[in-house]
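Architecture at a glance
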Amino acid sequence: MIEYYFYLSLSYDECMAYYRGDYEYVQVIEDGGKSIRFPATHIRRFVSSLGIRGRFRLCLTDKNSFISLDKVS
């Protein structure tokens, strides 16, 4: 299993664009400096009235298939 940690901060309006499907992927820079892209559908459960703010852990298989996305703080 591969783990990536990153901070994500999106306004409510930015989240709604992802939620509506205007964007198919979210792209972030993980703590080590690597650019990571994953399907935007995985952020939907974290959207609040303020948007999304927090530190996350993305877990992938050794073949880069999605396992989970969790908010860690």
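See the structure shown above.
First, a word on scope: everything that follows refers to the structure included in this document. A quick note: this is a predicted structure, and the numbers were derived from the prediction, not measured. (Residues numbered from 1 in each chain as written. Predicted model: local features only at pLDDT ≥ 70, side-chain atom pairs only at ≥ 80, totals over all residues. Heavy atoms only, no water.)

In this section: the pairing of strand S2 (residues 25-29). On any regular strand, side chains alternate: one points to one face of the sheet, the next to the other face. Along S2, the buried face is formed by Val26 and Val28; none of Tyr25, Gln27 and Ile29, which line the opposite face, is buried. As judged from the five bridges shared by S2 and strand S3 (residues 35-39), these two strands associate in the antiparallel manner. Of the residues in S3, the one forming a bridge with tyrosine 25 is proline 39. Between S2 and the antiparallel strand that follows it, S3, lie five residues; glycine 33 among them carries a positive phi value of about 95 degrees. (Buried < 20%, exposed > 50% of the residue type's maximum accessible area, 1.4 Å probe, protein only. Helix = DSSP H or I, 4+ residues; strand = E, 2+ residues; numbered from the N terminus. Pairing = 2+ DSSP bridges.)

Centre distance and the angle of the planes are the two values used to describe a pair of aromatic rings. Throughout the structure, instances matching the rule amount to four aromatic pairs. Relative to phenylalanine 38, the ring of phenylalanine 6 has its centre 5.9 Å away and its plane inclined at 40 degrees; by these criteria the two rings are tilted. Linking phenylalanine 6 in strand S1 (residues 2-10) with phenylalanine 38 in strand S3, this pair joins segments that are 32 residues apart in sequence. Looking at phenylalanine 38, the relative accessible area reads 3%, which means it is buried. Seen from their ring centres, tyrosine 18 and tyrosine 23 are 5.1 Å apart, and the 45 degrees between their planes marks the pair as tilted. Ring pairing ties together the aromatic residues Phe6, Phe38, Phe46 and Phe56, which thus form one cluster. In this structure, arginine 37 packs its charged tip against the face of tyrosine 25, placed 4.1 Å from the ring centre. (Phe/Tyr/Trp six-rings, centres within 6.5 Å; stacked < 30°, edge-to-face > 60°. Lys NZ or Arg CZ within 6 Å of the ring centre and 35° of its normal.)

So far we have only geometry, and geometry alone does not tell us how the molecule works.
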